[in-house]
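Each chain, letter by letter, is given below.
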Amino acid sequence: MNNIIPLNNSKINYSPAISNPQLNPNKAYRISSEAVDSIQKVGKAADPDMIPAKMLLSLLKSGLTDNKADAKFFKGRTYADWVNMYNLSVDNAVTPTLLEGLEKNPDIKAPDDVIANMKESKNFAAKYHKHQEKLLGEFSDLTKSQGVDTVQMKGIGFSMNYPTPTTRFGGDIDVYNFQHGTDPADPKNSSSLFVDKLVSKNGMEVTGTEYAKHSHIDYKGMPFENHRMFLDKKLSPIHEKMNNYLFKHLKPVQETLPNGTKILVPSKEFNNVFISFHAMQHFAGQGINFHHLADWAVQVNKHGLTIPEEAKGTTFEKFMYAFTNLANKHLGTNVKVPENKELEDAIFDKMLHPDKYKTAGLNPPKHKDPVSLVVFKFKQIVNRTKQNNEIWGTNKTTGQAIYESFVAHLKRPKTFIRVFTRLK
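As a starting point, this report considers the structure included with it. Bear in mind the structure is a predicted one, so any value in this text is a computation, not a measurement. Chains are numbered independently. Their residues run from 1 in the order of the written sequence. Totals for whole chains, interfaces and linings use all residues, but because this is a predicted model, local features are given only for residues with pLDDT of at least 70 and pairs of side-chain atoms are given and counted only at 80 or more. Excluding hydrogens and water, the side-chain figures rest on all heavy atoms present in the structure.

1. Focus on helix 1 (residues 50-64)
Because each turn of an α-helix spans 3.6 residues, side chains separated by three or four positions in sequence point in the same direction. With 15 residues, helix 1 extends 21 Å between its outermost C-alpha atoms, agreeing within 8% with the 21 Å of an ideal straight helix rising 1.5 Å per residue. The buried label applies to any residue whose accessible area, calculated with a 1.4 Å probe on protein chains only, is under 20% of its type's maximum; exposed applies above 50%, and partly exposed to all values in between. Counting from the N terminus, the helices are DSSP H or I runs at least four residues long and the strands are E runs at least two residues long. Of all 15 residues in helix 1, 13 are buried; the element is thus mostly enclosed. Here a helix's expected span is defined as the number of its residues, less one, multiplied by 1.5 Å.

Shown next as structure tokens:
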């Protein structure tokens, strides 16, 4: 049986749960490796996810630009191919934009139930976008009443750069708050801690206040990240450099959302770094996907690419080039940059096969006893420390990484029990 993932699949963290009651399968249908055709290079190992990915990227490119989808990717496609493409689009939170691409290419025929689910996803994205606009407007009005300006990063504010803003799925809402009438480039003018107390007094739950980067605010069921800084500058020298750059170039401007709500958003120079650095952090972690590449393609198509002086000669510069080349190849950007095929392939593979990287290349222990869990987590730290050193250009030892993990647990004592009882 061919199954379509319901939109309340546990992998998704971009939006609240929704599902089509007429299509409520338990898992995705996966095609066999025998279904590989000329889309893949001769001699390349069969990859059952490649065909759906090529279909997805072709429609995503069309949805983001005026380009037609590449017809060869859809010739002779089976129902299973379409289902897998749809499931991949749900996992990557790009389904609404794919539907717009499909609507621009009437010669490409998708199965009726796949189209029905894509339409449901697009309709929900629009409703959720409207809901986020309403709550962000209320939040901004609350801080404004206390002499604090709220700037919204990525997410709903950045969606206004998309051809159809409401097709961009949003997750949480990232904000930075500073005292009205002061220079937002000076971190001393941050009102983040004040806003934590303000919303708490107004009955909102605030957690993570001990974190240096941001706290978490639950505003009427909507998660907000209230930033003290933009990047965790203690992680590496490049984090600190680019965090300073982001403060310098925040330069908020007014944006009007689809239903008329006026908010503050960062400058295009800020987004040039914040969008790409955010994607690099996901690459260094375990969660980069086509949603991040779509954001980058939108940014580059509208504003071009600028490499800040602070990034030159760093691993971040290399990532910006590689990510731009992936956008050039797949999503319609056209910026000539140096190629780094090894890095490009590594990024693409992580987008296509996220499950391979969820345990830092290790198989979880068969037995979940405390000793096995601790040994497994030690191996994870070793692997991730090595990977982070390669990605961020640092020279951190395993001992330093373990010490930092220990300190983090000290700040949140309740998490200690998880070390011995849970994989995550």
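2. Here we look at empty space enclosed by the protein
Detection works on a 1 Å grid of protein atoms alone, calling trapped sets that fit a 1.4 Å probe cavities and calling open sets with protein on both sides within 12 Å along at least five of seven lines pockets, with lining residues defined by an atom within 4 Å of a point. Grid points are joined across faces, edges and corners, and a volume is the space filled by probe spheres set on the points. Counting across every chain of the model gives two cavities of 30 Å³ or more. There is about 40 Å³ of room inside the second largest cavity. Around the second largest cavity, the lining residues are Leu60, Ala93, Val94, Thr97, Tyr162, Thr167, Arg168, Phe169, His291 and Ala294. Charged means Asp, Glu, Lys or Arg here, nonpolar means Ala, Val, Leu, Ile, Met, Phe, Trp, Tyr, Cys or Pro, and polar covers whatever is left, Gly included. Looking at the lining of the second largest cavity residue by residue, the classes come out as six nonpolar, three polar and one charged.

3. Describing the packing of helix 1 against helix 3 (residues 95-103)
Between helix 1 and helix 3, the least distance of the axes is 7 Å, while the angle of their chain directions is 80°. By the criterion of interaxial angle, the relationship of helix 1 to helix 3 is roughly perpendicular. Taking contact as the criterion, the partners of Leu56, Leu59, Leu60, Ser62, Gly63 and Leu64 in helix 1 are, on helix 3, Thr97, Leu98, Glu100, Gly101 and Leu102. The class makeup of the residues in the contact of helix 1 with helix 3 is six nonpolar, four polar and one charged. Lines fitted to C-alpha atoms define the axes, with helix axes restricted to the stretch in contact, and inter-axis angles between N-to-C directions lie between 0 and 180 degrees. Note that the term roughly parallel is reserved for angles under 35 degrees, roughly antiparallel for angles over 145, roughly perpendicular for angles of 65 to 115, and oblique for everything else. Two residues form a contact once any of their heavy atoms are found within 4.5 Å.

4. Regarding a nonpolar patch on the surface
Together, Phe378, Val382 and Ile402 line one region of the surface with nonpolar side chains, adding up to about 220 Å² of accessible area. Residue class for isoleucine 402 comes out partly exposed when judged on its relative accessible area of 34%. Excluding any residue in a salt bridge, patches collect residues exceeding 30% relative accessible area, merging like charges within 9 Å and nonpolar Val, Leu, Ile, Met, Phe, Trp and Tyr side chains within 5 Å. The Shrake-Rupley method, run with a 1.4 Å probe sphere, supplies the accessible areas, and residue values consider only the shown protein chains as cover. Any Lys or Arg side-chain nitrogen found within 4 Å of a carboxyl oxygen on Asp or Glu counts as a salt bridge.

5. Structural notes on the pairing of strand 4 (residues 214-219)
Two elements, strand 3 (residues 205-207) and strand 4, share three bridges in a ladder whose sense is antiparallel. The residue of strand 4 that forms the bridge with threonine 207 is histidine 216. Between strand 3 and strand 4, which pair antiparallel one after the other, the connecting turn spans six residues, and glycine 208 there sits at a positive phi close to 70°. Strands were regarded as paired on the criterion that DSSP finds at least two bridges between them. Here six bridges tie strand 4 to strand 5 (residues 222-227), and the two strands are oriented antiparallel to one another. By the bridge assignment, isoleucine 217 is partnered in strand 5 with phenylalanine 224. Between strand 4 and strand 5, which pair antiparallel and follow one another directly, the connecting turn spans two residues, one of which, lysine 220, has a positive phi of 55°.

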